[in-house]
Amino acid sequence: MNNDLNQDLAQDLVVGLDAGGTRTRAVLAAAVDGRVLREGAAGPGNALTVPVPRLTDHLAEAIAGVVPDWARARVVAVAGGFAGAAQTSPDEPGRLNALAALTAALRRLGIAPGSIGVSSDIEAAFASAPGAPADGLALVAGTGAVAIRIEDRRCAVTVDGDGWLLGDDGSGFWIGRSAVRAALRMADGRGASTVLADMVGRALEVPTEARPPAGRAAGPAHADSADADSADADSAHADSAHAGRGGRGRGGRGRDTDGEDAPGDAERGAPGHSAAVHGEGGPGEGARAEGGVRAEDRRTDACRGDGRPGAGRAGRIPAEPGWARDRREAYRMHLLPAVMAGPPILLARLAPLVAEAARAGDPVAEAILDEAVDHLLDTVRALEPRPGEPMVATGGLLGPDGPLTVLLSERLRELGLRLDWVADGCRGAVALARLGHGRPASSAPAT
(Lines give C-alpha, C1' and ligand atoms only; values in the text may rest on other atoms or scores of the structure.)
Protein backbone atom coordinates (compact mmCIF):
# COMPACT_ATOMS: atom_id res chain seq x y z
CA MET A 1 0.00 0.00 0.00
CA ASN A 2 2.84 2.41 0.81
CA ASN A 3 4.28 1.81 -2.65
CA ASP A 4 0.89 2.59 -4.20
CA LEU A 5 0.64 5.77 -2.15
CA ASN A 6 4.14 6.83 -3.08
CA GLN A 7 3.30 6.24 -6.72
CA ASP A 8 0.13 8.32 -6.36
CA LEU A 9 2.16 11.20 -4.98
CA ALA A 10 4.73 11.02 -7.77
CA GLN A 11 2.65 13.28 -10.00
CA ASP A 12 1.42 16.87 -10.13
CA LEU A 13 -0.64 17.56 -7.00
CA VAL A 14 -3.13 20.21 -5.86
CA VAL A 15 -4.28 21.16 -2.38
CA GLY A 16 -7.81 22.28 -1.56
CA LEU A 17 -8.65 23.96 1.77
CA ASP A 18 -11.95 24.56 3.52
CA ALA A 19 -11.22 27.03 6.34
CA GLY A 20 -14.26 27.49 8.56
CA GLY A 21 -15.09 28.92 11.93
CA THR A 22 -14.36 25.73 13.88
CA ARG A 23 -11.71 23.92 11.83
CA THR A 24 -9.60 23.97 8.68
CA ARG A 25 -9.78 20.93 6.41
CA ALA A 26 -7.17 20.12 3.76
CA VAL A 27 -7.39 17.74 0.81
CA LEU A 28 -4.50 16.58 -1.36
CA ALA A 29 -5.60 15.54 -4.85
CA ALA A 30 -4.19 14.58 -8.21
CA ALA A 31 -3.99 17.54 -10.55
CA VAL A 32 -4.87 15.47 -13.59
CA ASP A 33 -8.28 14.20 -12.45
CA GLY A 34 -9.00 15.62 -8.98
CA ARG A 35 -8.80 12.21 -7.31
CA VAL A 36 -8.51 12.71 -3.55
CA LEU A 37 -5.34 11.17 -2.10
CA ARG A 38 -5.15 12.39 1.49
CA GLU A 39 -7.23 14.45 3.94
CA GLY A 40 -6.41 16.27 7.16
CA ALA A 41 -7.58 19.00 9.53
CA ALA A 42 -6.38 21.69 11.91
CA GLY A 43 -7.78 24.60 13.93
CA PRO A 44 -10.22 27.41 12.97
CA GLY A 45 -9.71 29.29 9.73
CA ASN A 46 -12.07 32.26 9.71
CA ALA A 47 -10.10 34.98 7.93
CA LEU A 48 -11.74 37.80 9.88
CA THR A 49 -11.84 36.41 13.42
CA VAL A 50 -8.64 34.35 13.60
CA PRO A 51 -5.49 36.53 13.82
CA VAL A 52 -3.22 36.12 10.81
CA PRO A 53 -0.31 34.52 12.76
CA ARG A 54 -2.59 31.87 14.25
CA LEU A 55 -4.36 31.39 10.92
CA THR A 56 -0.95 30.80 9.35
CA ASP A 57 -0.20 28.13 11.97
CA HIS A 58 -3.50 26.35 11.35
CA LEU A 59 -3.05 26.39 7.58
CA ALA A 60 0.52 25.11 7.84
CA GLU A 61 -0.60 22.30 10.16
CA ALA A 62 -3.45 21.23 7.88
CA ILE A 63 -1.31 21.27 4.72
CA ALA A 64 1.64 19.51 6.36
CA GLY A 65 -0.73 16.79 7.48
CA VAL A 66 -1.61 15.86 3.90
CA VAL A 67 1.58 16.65 1.97
CA PRO A 68 4.67 14.62 2.98
CA ASP A 69 7.99 16.46 2.96
CA TRP A 70 9.27 14.65 -0.10
CA ALA A 71 6.13 15.38 -2.14
CA ARG A 72 5.96 19.14 -1.51
CA ALA A 73 7.78 20.00 -4.72
CA ARG A 74 4.95 18.22 -6.58
CA VAL A 75 2.28 20.72 -5.46
CA VAL A 76 1.43 22.87 -8.47
CA ALA A 77 -1.65 24.72 -7.18
CA VAL A 78 -3.36 25.53 -3.88
CA ALA A 79 -6.84 27.02 -3.41
CA GLY A 80 -8.73 27.75 -0.22
CA GLY A 81 -12.28 28.66 0.65
CA PHE A 82 -12.23 30.82 3.77
CA ALA A 83 -15.02 31.89 6.09
CA GLY A 84 -14.82 35.66 6.32
CA ALA A 85 -13.20 36.08 2.89
CA ALA A 86 -14.64 36.92 -0.52
CA GLN A 87 -13.55 37.95 -3.99
CA THR A 88 -15.80 40.99 -4.06
CA SER A 89 -12.78 43.30 -4.35
CA PRO A 90 -8.98 42.93 -4.35
CA ASP A 91 -8.65 44.80 -1.06
CA GLU A 92 -11.42 42.97 0.83
CA PRO A 93 -9.99 42.54 4.40
CA GLY A 94 -10.82 38.87 4.82
CA ARG A 95 -9.36 38.00 1.44
CA LEU A 96 -6.15 39.90 2.22
CA ASN A 97 -5.80 38.13 5.58
CA ALA A 98 -6.41 34.72 4.02
CA LEU A 99 -3.95 35.33 1.19
CA ALA A 100 -1.25 36.59 3.59
CA ALA A 101 -1.68 33.62 5.94
CA LEU A 102 -1.79 31.04 3.13
CA THR A 103 1.27 32.50 1.41
CA ALA A 104 3.19 32.48 4.71
CA ALA A 105 2.13 28.91 5.51
CA LEU A 106 3.27 27.63 2.12
CA ARG A 107 6.58 29.47 2.42
CA ARG A 108 7.12 27.91 5.84
CA LEU A 109 6.58 24.44 4.39
CA GLY A 110 8.76 25.02 1.34
CA ILE A 111 5.84 24.69 -1.08
CA ALA A 112 6.00 26.97 -4.12
CA PRO A 113 2.90 26.34 -6.24
CA GLY A 114 2.40 28.07 -9.54
CA SER A 115 -1.09 29.15 -8.50
CA ILE A 116 -2.53 30.27 -5.15
CA GLY A 117 -6.26 31.01 -4.98
CA VAL A 118 -8.41 32.46 -2.22
CA SER A 119 -12.21 32.48 -2.25
CA SER A 120 -15.00 32.51 0.28
CA ASP A 121 -16.08 29.26 1.89
CA ILE A 122 -19.43 29.61 0.12
CA GLU A 123 -17.80 30.05 -3.28
CA ALA A 124 -15.76 26.91 -2.64
CA ALA A 125 -18.85 25.01 -1.46
CA PHE A 126 -20.68 26.02 -4.63
CA ALA A 127 -17.80 24.68 -6.74
CA SER A 128 -18.13 21.37 -4.86
CA ALA A 129 -21.41 20.62 -6.66
CA PRO A 130 -21.46 18.07 -9.49
CA GLY A 131 -19.74 19.55 -12.52
CA ALA A 132 -18.19 22.41 -10.50
CA PRO A 133 -20.65 25.00 -11.88
CA ALA A 134 -19.55 28.59 -12.41
CA ASP A 135 -22.95 30.25 -12.00
CA GLY A 136 -26.01 29.63 -9.85
CA LEU A 137 -27.28 29.86 -6.28
CA ALA A 138 -25.79 28.83 -2.95
CA LEU A 139 -27.75 28.46 0.29
CA VAL A 140 -26.11 27.99 3.67
CA ALA A 141 -28.30 26.95 6.61
CA GLY A 142 -26.41 25.98 9.72
CA THR A 143 -25.81 28.13 12.78
CA GLY A 144 -26.41 31.11 10.48
CA ALA A 145 -28.21 31.44 7.15
CA VAL A 146 -27.33 33.18 3.91
CA ALA A 147 -28.16 32.84 0.22
CA ILE A 148 -25.81 33.97 -2.53
CA ARG A 149 -25.90 34.29 -6.28
CA ILE A 150 -22.65 33.09 -7.80
CA GLU A 151 -21.50 34.53 -11.11
CA ASP A 152 -18.25 33.42 -12.73
CA ARG A 153 -17.40 31.57 -9.47
CA ARG A 154 -17.68 34.76 -7.39
CA CYS A 155 -20.33 36.04 -4.98
CA ALA A 156 -22.38 38.61 -6.90
CA VAL A 157 -25.46 39.08 -4.69
CA THR A 158 -25.92 38.28 -1.00
CA VAL A 159 -29.21 37.93 0.86
CA ASP A 160 -29.22 37.78 4.67
CA GLY A 161 -26.21 36.37 6.49
CA ASP A 162 -26.63 39.44 8.69
CA GLY A 163 -25.84 37.68 11.97
CA TRP A 164 -27.99 36.67 14.91
CA LEU A 165 -28.93 40.23 15.91
CA LEU A 166 -30.15 41.47 12.53
CA GLY A 167 -30.85 38.40 10.43
CA ASP A 168 -29.91 34.76 9.82
CA ASP A 169 -33.62 34.04 9.48
CA GLY A 170 -34.43 30.33 9.43
CA SER A 171 -31.00 29.39 10.77
CA GLY A 172 -30.07 27.09 13.63
CA PHE A 173 -29.85 30.14 15.88
CA TRP A 174 -33.29 31.33 14.75
CA ILE A 175 -34.79 27.89 15.43
CA GLY A 176 -33.14 27.65 18.86
CA ARG A 177 -34.32 31.12 19.84
CA SER A 178 -37.83 30.25 18.68
CA ALA A 179 -37.76 27.21 20.95
CA VAL A 180 -36.92 29.36 23.97
CA ARG A 181 -39.59 31.89 23.06
CA ALA A 182 -42.18 29.15 22.69
CA ALA A 183 -41.20 27.80 26.11
CA LEU A 184 -41.48 31.24 27.71
CA ARG A 185 -44.85 31.89 26.06
CA MET A 186 -46.19 28.61 27.39
CA ALA A 187 -44.92 29.54 30.85
CA ASP A 188 -46.54 32.98 30.95
CA GLY A 189 -49.81 31.87 29.35
CA ARG A 190 -49.51 33.54 25.95
CA GLY A 191 -48.65 30.47 23.94
CA ALA A 192 -49.55 26.86 23.29
CA SER A 193 -48.46 23.90 25.34
CA THR A 194 -45.37 22.31 23.88
CA VAL A 195 -42.86 19.65 24.86
CA LEU A 196 -40.23 22.28 24.08
CA ALA A 197 -40.82 23.87 27.49
CA ASP A 198 -39.59 20.74 29.23
CA MET A 199 -36.87 19.98 26.66
CA VAL A 200 -35.44 23.52 26.75
CA GLY A 201 -35.69 23.54 30.54
CA ARG A 202 -33.70 20.32 30.76
CA ALA A 203 -31.08 21.55 28.31
CA LEU A 204 -30.59 24.77 30.29
CA GLU A 205 -30.69 23.00 33.66
CA VAL A 206 -33.91 24.48 34.97
CA PRO A 207 -34.78 22.62 38.21
CA THR A 208 -37.20 19.73 37.84
CA GLU A 209 -39.69 21.29 40.25
CA ALA A 210 -40.01 24.37 38.03
CA ARG A 211 -40.50 22.55 34.74
CA PRO A 212 -43.93 21.48 33.41
CA PRO A 213 -45.23 18.37 35.20
CA ALA A 214 -45.27 15.10 33.30
CA GLY A 215 -48.03 14.96 30.70
CA ARG A 216 -48.54 18.75 30.70
CA ALA A 217 -46.04 19.61 27.98
CA ALA A 218 -48.12 18.76 24.94
CA GLY A 219 -51.44 19.69 23.38
CA PRO A 220 -53.34 23.00 23.31
CA ALA A 221 -53.44 24.91 26.59
CA HIS A 222 -57.06 25.68 27.43
CA ALA A 223 -58.84 26.03 30.73
CA ASP A 224 -62.23 24.64 29.80
CA SER A 225 -63.82 22.39 27.22
CA ALA A 226 -65.57 25.24 25.46
CA ASP A 227 -62.28 26.97 24.74
CA ALA A 228 -60.74 23.64 23.77
CA ASP A 229 -63.57 22.91 21.36
CA SER A 230 -63.15 26.36 19.82
CA ALA A 231 -59.43 25.90 19.41
CA ASP A 232 -59.89 22.42 17.97
CA ALA A 233 -62.34 23.75 15.40
CA ASP A 234 -59.96 26.53 14.36
CA SER A 235 -57.04 24.12 14.26
CA ALA A 236 -59.02 21.65 12.16
CA HIS A 237 -59.84 24.45 9.73
CA ALA A 238 -56.16 25.35 9.41
CA ASP A 239 -55.21 21.70 8.96
CA SER A 240 -57.84 21.06 6.29
CA ALA A 241 -56.90 24.23 4.44
CA HIS A 242 -53.24 23.22 4.49
CA ALA A 243 -54.06 19.68 3.38
CA GLY A 244 -56.21 21.09 0.58
CA ARG A 245 -53.12 22.91 -0.71
CA GLY A 246 -51.30 19.61 -1.10
CA GLY A 247 -49.50 20.05 2.24
CA ARG A 248 -48.57 17.43 4.78
CA GLY A 249 -51.65 18.00 6.96
CA ARG A 250 -49.45 18.98 9.87
CA GLY A 251 -51.26 22.23 10.45
CA GLY A 252 -48.03 23.93 11.42
CA ARG A 253 -47.24 26.27 8.55
CA GLY A 254 -50.14 28.62 9.31
CA ARG A 255 -49.14 29.11 12.92
CA ASP A 256 -46.82 31.71 14.37
CA THR A 257 -44.74 30.28 17.16
CA ASP A 258 -43.54 33.53 18.66
CA GLY A 259 -46.56 35.79 18.25
CA GLU A 260 -45.02 37.96 15.53
CA ASP A 261 -45.90 38.14 11.87
CA ALA A 262 -43.09 37.46 9.45
CA PRO A 263 -41.66 40.88 8.50
CA GLY A 264 -42.87 42.37 5.25
CA ASP A 265 -40.88 43.77 2.34
CA ALA A 266 -40.52 47.19 3.83
CA GLU A 267 -39.17 45.85 7.08
CA ARG A 268 -36.80 43.31 5.53
CA GLY A 269 -35.77 45.46 2.60
CA ALA A 270 -35.47 42.34 0.44
CA PRO A 271 -37.02 42.16 -3.02
CA GLY A 272 -39.18 39.18 -3.78
CA HIS A 273 -40.39 38.68 -0.22
CA SER A 274 -42.25 35.40 0.02
CA ALA A 275 -45.86 35.56 -1.07
CA ALA A 276 -46.15 32.21 0.65
CA VAL A 277 -45.92 33.95 4.03
CA HIS A 278 -48.44 36.65 3.37
CA GLY A 279 -50.75 34.92 0.90
CA GLU A 280 -49.98 37.35 -1.93
CA GLY A 281 -49.33 36.66 -5.61
CA GLY A 282 -50.48 33.97 -7.95
CA PRO A 283 -49.98 30.24 -7.94
CA GLY A 284 -46.57 30.62 -9.54
CA GLU A 285 -45.48 32.66 -6.54
CA GLY A 286 -46.34 29.98 -4.01
CA ALA A 287 -49.32 31.86 -2.58
CA ARG A 288 -51.15 30.02 0.16
CA ALA A 289 -54.35 32.05 0.48
CA GLU A 290 -57.62 30.48 -0.56
CA GLY A 291 -60.99 32.10 -1.17
CA GLY A 292 -59.59 35.54 -0.35
CA VAL A 293 -58.44 34.47 3.11
CA ARG A 294 -54.83 35.38 3.85
CA ALA A 295 -52.66 32.64 5.26
CA GLU A 296 -51.85 34.69 8.36
CA ASP A 297 -55.58 35.06 9.12
CA ARG A 298 -55.95 31.29 9.46
CA ARG A 299 -53.58 31.11 12.41
CA THR A 300 -55.22 29.61 15.47
CA ASP A 301 -55.18 30.72 19.07
CA ALA A 302 -53.11 27.63 19.85
CA CYS A 303 -50.08 29.72 18.90
CA ARG A 304 -51.41 33.27 18.93
CA GLY A 305 -52.97 34.80 22.00
CA ASP A 306 -52.70 38.55 21.52
CA GLY A 307 -56.13 39.31 20.02
CA ARG A 308 -54.67 40.44 16.68
CA PRO A 309 -56.12 39.15 13.40
CA GLY A 310 -55.56 35.45 13.24
CA ALA A 311 -55.68 34.96 17.00
CA GLY A 312 -58.76 32.72 16.74
CA ARG A 313 -62.12 33.01 18.45
CA ALA A 314 -60.85 32.73 22.01
CA GLY A 315 -58.38 35.58 21.46
CA ARG A 316 -56.09 34.50 24.33
CA ILE A 317 -54.41 31.48 25.87
CA PRO A 318 -55.68 30.70 29.38
CA ALA A 319 -53.30 29.59 32.11
CA GLU A 320 -51.79 26.14 31.64
CA PRO A 321 -53.69 23.71 33.91
CA GLY A 322 -51.48 21.47 36.04
CA TRP A 323 -48.50 23.84 35.85
CA ALA A 324 -49.03 26.11 38.82
CA ARG A 325 -48.36 29.81 38.44
CA ASP A 326 -45.59 29.82 41.04
CA ARG A 327 -43.83 26.98 39.22
CA ARG A 328 -44.15 28.81 35.93
CA GLU A 329 -42.68 31.95 37.51
CA ALA A 330 -39.80 29.89 38.85
CA TYR A 331 -39.29 28.40 35.39
CA ARG A 332 -38.98 31.86 33.85
CA MET A 333 -36.68 33.08 36.60
CA HIS A 334 -34.29 30.17 35.99
CA LEU A 335 -34.54 30.06 32.21
CA LEU A 336 -33.88 33.72 31.44
CA PRO A 337 -30.55 34.00 33.30
CA ALA A 338 -29.42 30.69 31.78
CA VAL A 339 -30.05 32.06 28.28
CA MET A 340 -28.43 35.43 29.01
CA ALA A 341 -25.33 33.90 30.58
CA GLY A 342 -23.81 32.77 27.27
CA PRO A 343 -23.28 34.26 23.82
CA PRO A 344 -26.64 34.48 22.01
CA ILE A 345 -25.37 32.36 19.12
CA LEU A 346 -25.22 29.37 21.48
CA LEU A 347 -29.00 29.15 21.20
CA ALA A 348 -28.32 27.31 17.94
CA ARG A 349 -27.50 24.24 20.01
CA LEU A 350 -31.21 23.99 20.88
CA ALA A 351 -32.22 23.53 17.23
CA PRO A 352 -31.94 19.71 17.39
CA LEU A 353 -34.51 19.74 20.20
CA VAL A 354 -37.03 21.35 17.87
CA ALA A 355 -36.36 18.72 15.23
CA GLU A 356 -36.82 15.97 17.82
CA ALA A 357 -40.07 17.47 19.09
CA ALA A 358 -41.39 17.89 15.55
CA ARG A 359 -40.68 14.24 14.79
CA ALA A 360 -42.75 13.37 17.84
CA GLY A 361 -45.65 15.42 16.45
CA ASP A 362 -45.45 18.54 18.63
CA PRO A 363 -47.47 21.20 16.73
CA VAL A 364 -45.42 24.15 17.99
CA ALA A 365 -42.14 22.53 16.99
CA GLU A 366 -43.60 21.65 13.59
CA ALA A 367 -44.68 25.26 13.15
CA ILE A 368 -41.20 26.53 14.01
CA LEU A 369 -39.62 24.34 11.33
CA ASP A 370 -42.28 25.35 8.82
CA GLU A 371 -41.62 29.01 9.51
CA ALA A 372 -37.85 28.46 9.24
CA VAL A 373 -38.46 27.01 5.76
CA ASP A 374 -40.59 30.05 4.91
CA HIS A 375 -37.69 32.32 5.85
CA LEU A 376 -35.16 30.35 3.82
CA LEU A 377 -37.53 30.35 0.87
CA ASP A 378 -37.86 34.14 1.20
CA THR A 379 -34.08 34.38 1.12
CA VAL A 380 -33.83 32.30 -2.04
CA ARG A 381 -36.68 34.17 -3.74
CA ALA A 382 -34.89 37.47 -3.17
CA LEU A 383 -32.16 36.22 -5.54
CA GLU A 384 -34.78 36.00 -8.33
CA PRO A 385 -33.97 32.37 -9.16
CA ARG A 386 -34.38 30.99 -12.66
CA PRO A 387 -35.96 27.55 -13.03
CA GLY A 388 -33.39 24.86 -13.56
CA GLU A 389 -30.29 26.81 -12.56
CA PRO A 390 -27.82 25.07 -10.23
CA MET A 391 -28.52 25.42 -6.52
CA VAL A 392 -26.05 24.20 -3.91
CA ALA A 393 -26.89 23.83 -0.23
CA THR A 394 -24.59 23.32 2.72
CA GLY A 395 -25.01 23.39 6.48
CA GLY A 396 -26.45 20.93 8.96
CA LEU A 397 -30.08 21.99 8.56
CA LEU A 398 -30.06 20.95 4.90
CA GLY A 399 -27.92 17.81 4.98
CA PRO A 400 -29.13 14.31 4.09
CA ASP A 401 -30.75 14.00 7.52
CA GLY A 402 -31.33 17.71 8.11
CA PRO A 403 -34.65 18.76 9.66
CA LEU A 404 -35.42 21.23 6.86
CA THR A 405 -34.19 19.27 3.83
CA VAL A 406 -37.44 17.59 2.79
CA LEU A 407 -39.63 20.60 3.61
CA LEU A 408 -37.48 23.07 1.69
CA SER A 409 -36.91 20.74 -1.26
CA GLU A 410 -40.68 20.41 -1.71
CA ARG A 411 -41.12 24.16 -1.75
CA LEU A 412 -38.16 24.77 -4.07
CA ARG A 413 -39.57 22.37 -6.62
CA GLU A 414 -42.42 24.83 -7.08
CA LEU A 415 -39.77 27.31 -8.27
CA GLY A 416 -38.16 24.78 -10.59
CA LEU A 417 -35.12 24.37 -8.33
CA ARG A 418 -33.40 21.27 -6.98
CA LEU A 419 -30.97 21.22 -4.05
CA ASP A 420 -27.52 19.68 -4.43
CA TRP A 421 -26.14 19.30 -0.92
CA VAL A 422 -22.39 19.39 -0.25
CA ALA A 423 -20.73 18.69 3.09
CA ASP A 424 -18.11 21.43 2.77
CA GLY A 425 -15.95 23.28 0.28
CA CYS A 426 -12.95 20.91 0.11
CA ARG A 427 -13.91 19.31 -3.19
CA GLY A 428 -14.75 22.72 -4.60
CA ALA A 429 -11.40 24.09 -3.49
CA VAL A 430 -9.73 21.18 -5.30
CA ALA A 431 -11.72 22.04 -8.43
CA LEU A 432 -10.68 25.70 -8.13
CA ALA A 433 -7.03 24.71 -7.62
CA ARG A 434 -7.17 22.57 -10.77
CA LEU A 435 -8.68 25.49 -12.65
CA GLY A 436 -5.83 27.65 -11.41
CA HIS A 437 -3.41 25.10 -12.83
CA GLY A 438 -5.18 25.16 -16.17
CA ARG A 439 -7.07 21.90 -15.71
CA PRO A 440 -10.80 21.63 -16.41
CA ALA A 441 -12.97 21.32 -13.31
CA SER A 442 -16.02 19.87 -15.07
CA SER A 443 -15.56 16.44 -13.51
CA ALA A 444 -16.25 16.13 -9.80
CA PRO A 445 -13.15 15.07 -7.82
CA ALA A 446 -13.21 11.37 -7.13
CA THR A 447 -12.82 9.93 -3.67
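Described below are features of the structure shown in this document.

Parameters at a glance
Residues numbered from 1 in each chain as written. Predicted model: local features only at pLDDT ≥ 70, side-chain atom pairs only at ≥ 80, totals over all residues. Heavy atoms only, no water. Helix = DSSP H or I, 4+ residues; strand = E, 2+ residues; numbered from the N terminus. Buried < 20%, exposed > 50% of the residue type's maximum accessible area, 1.4 Å probe, protein only. Contact = heavy atoms within 4.5 Å. Patch = residues over 30% accessible without salt bridge, like charges linked within 9 Å, V, L, I, M, F, W, Y side chains within 5 Å. Areas by Shrake-Rupley, 256 points an atom, 1.4 Å probe, with all protein chains shown as cover. Salt bridge = Lys/Arg side-chain N within 4 Å of Asp/Glu carboxyl O. Pairing = 2+ DSSP bridges. Axes fitted to C-alpha atoms, helices over the stretch in contact; angles between N-to-C directions. Expected span 1.5 Å × (residues − 1). Arc of directions from axis to C-beta. Polar contact = N/O pair within 3.5 Å; in protein donor to acceptor, adjacent residues only side chain to side chain.

Helix and strand counts for the chain stand at 15 helices and 10 strands. For the chain, the proportion of its 447 residues judged to be buried stands at 54%. Nonlocal contacts in the chain, meaning residues at least 24 apart in sequence, comprise 67% of its contacts between residues at least 6 apart.

What follows deals with a nonpolar patch on the surface. Nonpolar side chains collect at one region of the surface, where W164, L165, L166, I345 and L346 lie side by side and expose about 510 Å² of accessible area between them. Mapped onto the elements, L166 comes out in helix α5 (residues 163-166). With a relative accessible area of 69%, L166 lands in the exposed category.

The mixed open sheet is built from 5 strands, whose spatial order is β3-β2-β1-β4-β5. Of all the strands in the sheet, the pair left with one neighbour each is β3 (36-42) and β5 (115-120). Pairs of neighbouring strands in the sheet enclose a mean axial angle of 15 degrees, with direction left out of account. Pairing of strand β1 (residues 13-19) with strand β2 (residues 24-30), which is carried by 7 bridges, proceeds in the antiparallel orientation.

Below, the discussion takes up helix α3 (residues 93-109). Across its 17 residues, α3 extends 25 Å between first and last C-alpha, which sits within 8% of the 24 Å expected from 1.5 Å per residue. Turning to α3, its buried residues are G94, A98, A101, L102, A105, L106 and L109. Down the axis of α3, the smallest arc covering the buried residues is 130 degrees, so these residues share one side. Every exposed residue of α3 that faces more than 90 degrees away from the buried side is listed here: P93 and R107. Considering only its buried residues, α3 is in contact with β1, α2 (52-64), β4 (75-82) and β5. The backbone nitrogen of G94 lies 3.2 Å from a side-chain oxygen of the residue at the head of α3, namely E92. Backbone geometry just downstream of α3 places G110 in the positive-phi region, at approximately 75 degrees.

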